[in-house]
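# Architecture and fold: a report
Chain by chain, the residues:
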Amino acid sequence: MSHHDDPARAATGPLTTPTTDAVAGSGVRIAVDAMGGDHGATEVVPGAIAYADSHPDDTVILVGDTATIERLAPTRPANVRVVHATEVIGMDEHPAMALREKKDATILVATDLVRKGEADAVVTAGHTGAGMAAAVLRLGRLKGVDRPGLAIQIPSGGRPFVLLDIGANPDSSAENLAQYARMGAIFSERVLGVARPRVALLSIGEEKGKGEARVQRATELIDETNLNFIGNVEGKDLTKQMADVVVCDAVLGNVVIKFFEGLSGFIFDLWRAEFRASLRGRLAYLLMRPGIGRIRRVFDYEVVGGSPLLGVRGAVIITHGRAKRRMIEHAVRVGATTARERVPERIAEALAADALAEAQAGLDEAHGAVHRAASDVDEALAALETDPVVGGAANPVVAREGS
C-alpha cells in the first residue's frame, strides 16, 4: 500500500491492564516504532526524544535497530530506552503477509510490549495496514466490538472535531457506526477534554434519519443511547463546529480527509502565486502576514499528532507516513494521553454497560410478556365463569375451583 492509498496518511482474552501510574495520571510508557514512516528513524527518533525531554515522568521506548538509534541519538534522556528489532515493514508490502514473514518487525515488537504489559501505548508512522493488523492480531478487539475504527482530529477553526472511521473498515454496518459514535465520544471527552461531545452522522441531508438505509438504522441505534446525538451533518457543515464527533464509513471518511488536505494546500498555493506575481502582491503579503500565519495554524495538521485505533485492547496511535519530528512528538503526546486517560478501558466499560442495558431491556420485555400472558389467562377464566352457556357448575374449570 503506498502512502497515497494509506488512510492515516491523508491528514478475545483479557484487556491489557494499564500500570498503576497510568491509571493514577502520572507516568506512562509509550513504545514508538522508531523505523516506520517515509523518513524512518531520521525523523522518528528526534521527535520521540523531544517528547521525552519535555515529559520526564513518561518513558519513551524506541523500538528498532539499536545501532541506527544510537548513531542518531548517542546521548538520550534517562526516560528513553531502546528495544532492538531487526526488521521493518515497508510501505509497499502487503500487511498480512509481511506480518507473517517478519516476526521481528518493529511494529510487532512494539505492539507486543503493550500486550505483555511492558508499555501502555504504541505509536507508529509506518504502514497503516500493518499497524492495524498488528493491533488486532496481537492485542485483540474489545469485547463487543465487531470492527475497530480509525479516528482523526480535523481542524475546524476552534477546537478540532473527531472524524471516524477513516480507513479501518470500508464495509461498516449500522451497528459499526453506532459503536464508532460511542468510541469517538469517549475519545473526544477523555483526550480532547470536550464535555458531553455532540455526535453526528455524516450524510446527504441534515434531517435526522435522512440518508441510506444503513444511516437510517444507525440513527435509530444511536438514538437509543445516552449520547449527545444531534442527528446528521452535511459536508458543508464540517467546518462550522456543529459537532464534536462525526461518524461515517471508512470510504467516505478517507475521501473527506484527503479533500481537506488537498483543499488547504490548493488555497495556500493560490495565495503564494498571487503574492509572488507582482510588487503589489509582495507588499500585500507583508501586511497580511500575521493573519496568514494565524490561518496557517488553523490548518496545521501536525499538532493533531495521529489517529487512534479505537476498539482494540490497548492504546494504538497511527500517525502520518510523511510525519517529521514535530508531528511525531505530537503523536507520542496523543498516545500518552490516550493511555493515561485509559481510553480503551473506558470504551470497554461503556460497551459493557450498553450490553447490560440491552440485556436488562430484554429481560424487562420478557417479564412484560409473561405478565400480559397471565392477564390474558385471568381474563379467559373470568369469561368462562360468567358465560351463560359454559359457565357455572357445567364448566369443569369452575367446578374444580368450587369443589
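Preceding block: the structure.
Quantities reported herein were computed from a predicted structural model and do not represent experimental measurements.

### Digging into the overall build of the protein
Within the protein, the secondary structure is distributed over 13 helices and 11 strands. Expressed as a percentage of its 403 residues, the buried residues of the protein come to 47%.

### Points about the nonpolar core
With 60 residues, the main nonpolar core has Ile 30, Val 60, Leu 62 and Val 247 as its most contacted residues. Examining the composition of this core, we find that 10 residues originate from one element, helix H7 (residues 174-191), more than from any other. Once residues within four sequence positions are removed from consideration, Val 247 is found in contact with Leu 164, Leu 177, Tyr 180, Ala 181, Val 199, Ala 200, Leu 201 and Leu 202. Within the second largest apolar cluster, 41 residues are counted, among which are Leu 108, Ala 119, Leu 150 and Ile 257.

### Looking at the side chain of Ser 203
Note on placement: Ser 203 falls in the loop between strand S7 (198-202) and helix H8 (213-223). Setting aside anything within four residues of it in sequence, one finds Ser 203 in contact with Lys 210, Gly 211, Val 215, Asn 232, Val 233 and Glu 234.

### Considerations on H8
When H8 is considered as a whole, its buried residues turn out to be Val 215, Ala 218, Thr 219, Leu 221 and Ile 222. Buried residues of H8 fall within an arc of 165 degrees about the axis and therefore sit on the same side. The elements touched by buried residues of H8 are H7, S7 and strand S8 (228-233).

### Observations concerning a nonpolar patch on the surface
A cluster of nonpolar side chains, Phe 259, Leu 263, Phe 266, Ile 267 and Leu 270, forms an exposed patch at the surface whose accessible area comes to about 470 Å². Looking at the secondary structure, you find Phe 259 in helix H9 (residues 250-276).

### Quick word on the pairing of S7
Most of S7 is tucked away, with 4 of its 5 residues classed as buried. Alignment of S7 against strand S9 (residues 245-247), held across 3 bridges, turns out to be parallel. Considered in S9, the bridge of Val 199 is made with Val 245.

### Thoughts on the environment of Gly 211
Relative to the helices and strands, Gly 211 is located in the loop between S7 and H8. For the pair Gly 211 and Asn 232, spaced 21 residues apart in the sequence, the C-alpha separation amounts to 9.0 Å.

### Concerning the environment of Gly 265
Within the fold, Gly 265 resides in helix H9. For Gly 265, a relative accessible area of 28% puts it in the partly exposed group. In sequence terms Gly 265 and Phe 299 are 34 residues apart; their C-alpha atoms lie 9.3 Å from each other.

### Regarding unusual backbone geometry
Omega for the peptide link from Leu 164 to Asp 165 comes to 10 degrees, which places this bond in the cis form. With phi around 45 degrees, Arg 196 is a residue other than glycine that occupies positive phi space. Here Arg 196 is to be found in the loop between H7 and S7. Positive phi is not limited to glycine here, since Arg 342 has a value of about 55 degrees. One can find Arg 342 in the loop between helix H11 (325-340) and helix H12 (343-386).

### A look at the packing of helix H2 (residues 41-54) against H11
Two elements in contact, H2 and H11, have axes separated by 7 Å at closest approach and are oriented at 50 degrees. Taken together, H2 and H11 sit at an angle that is classed as oblique. In terms of crossing hand, the pair formed by H2 and H11 is right-handed. Contacts from Thr 42, Glu 43, Val 44, Pro 46, Gly 47, Ala 48, Ala 50, Tyr 51 and Ser 54 of H2 reach H11 at Arg 325, Ile 328, Glu 329, Val 332, Arg 333, Ala 336 and Arg 340.

### Quick notes on the sheet that holds strand S1 (residues 29-33)
Read across the open sheet, the 11 strands follow the order S3-S2-S1-S4-S11-S10-S5-S6-S9-S7-S8; overall the sheet is mixed. The open sheet has two edge strands with one neighbour each: strand S3 (80-84) and S8. Across the sheet, the mean angle from the axis of one strand to that of its neighbour is 25 degrees, orientation sign disregarded. The sheet contacts of helix H6 (residues 128-139) involve strand S5 (149-154), strand S10 (306-310) and strand S11 (315-319), and relative to S11 the element is tilted by about 170 degrees.

### Some details on the packing of aromatic side chains
Taken as a whole and assessed by the stated rule, the structure comprises 2 aromatic pairs. Arranged with centres 5.6 Å apart and planes meeting at 85 degrees, the rings of Phe 268 and Trp 271 form a pair that is edge-to-face. Taken as a pair, Phe 268 and Trp 271 lie in helix H9 at a separation of 3 residues, close to a single helical turn. For Trp 271, a relative accessible area of 27% corresponds to the partly exposed category.

### With respect to the pattern of salt bridges
Side-chain pairing between opposite charges can occur once the charged atoms of the two side chains come close. Under the defined criterion, the tally for this structure stands at 16 salt bridges. Notably, a salt bridge pairs Asp 112 with Arg 115, separated by 3.1 Å at the nearest N-O pair. Placement of the pair is Asp 112 and Arg 115 together in helix H5 (residues 106-115), with a separation of 3 residues, close to one helical turn. Asp 112 gets classed as buried once you look at its relative accessible area, which sits at 12%. For Arg 115, a relative accessible area of 44% translates into the label partly exposed. One continuous salt-bridge network, built from bridges that share partners, spans Glu 234, Lys 236, Asp 237 and Lys 240.

Conventions adopted
Residues numbered from 1 in each chain as written. Predicted model: local features only at pLDDT ≥ 70, side-chain atom pairs only at ≥ 80, totals over all residues. Heavy atoms only, no water. Helix = DSSP H or I, 4+ residues; strand = E, 2+ residues; numbered from the N terminus. Buried < 20%, exposed > 50% of the residue type's maximum accessible area, 1.4 Å probe, protein only. Core = buried A, V, L, I, M, F, W, Y, C linked by side-chain atoms within 4.5 Å. Contact = heavy atoms within 4.5 Å. Arc of directions from axis to C-beta. Patch = residues over 30% accessible without salt bridge, like charges linked within 9 Å, V, L, I, M, F, W, Y side chains within 5 Å. Areas by Shrake-Rupley, 256 points an atom, 1.4 Å probe, with all protein chains shown as cover. Salt bridge = Lys/Arg side-chain N within 4 Å of Asp/Glu carboxyl O. Pairing = 2+ DSSP bridges. Axes fitted to C-alpha atoms, helices over the stretch in contact; angles between N-to-C directions. Parallel < 35°, antiparallel > 145°, perpendicular 65-115°, else oblique. Left-handed = near helix turned anticlockwise from the far one by under 90°. Phe/Tyr/Trp six-rings, centres within 6.5 Å; stacked < 30°, edge-to-face > 60°.

These figures come from the coordinates and say nothing about function on their own.
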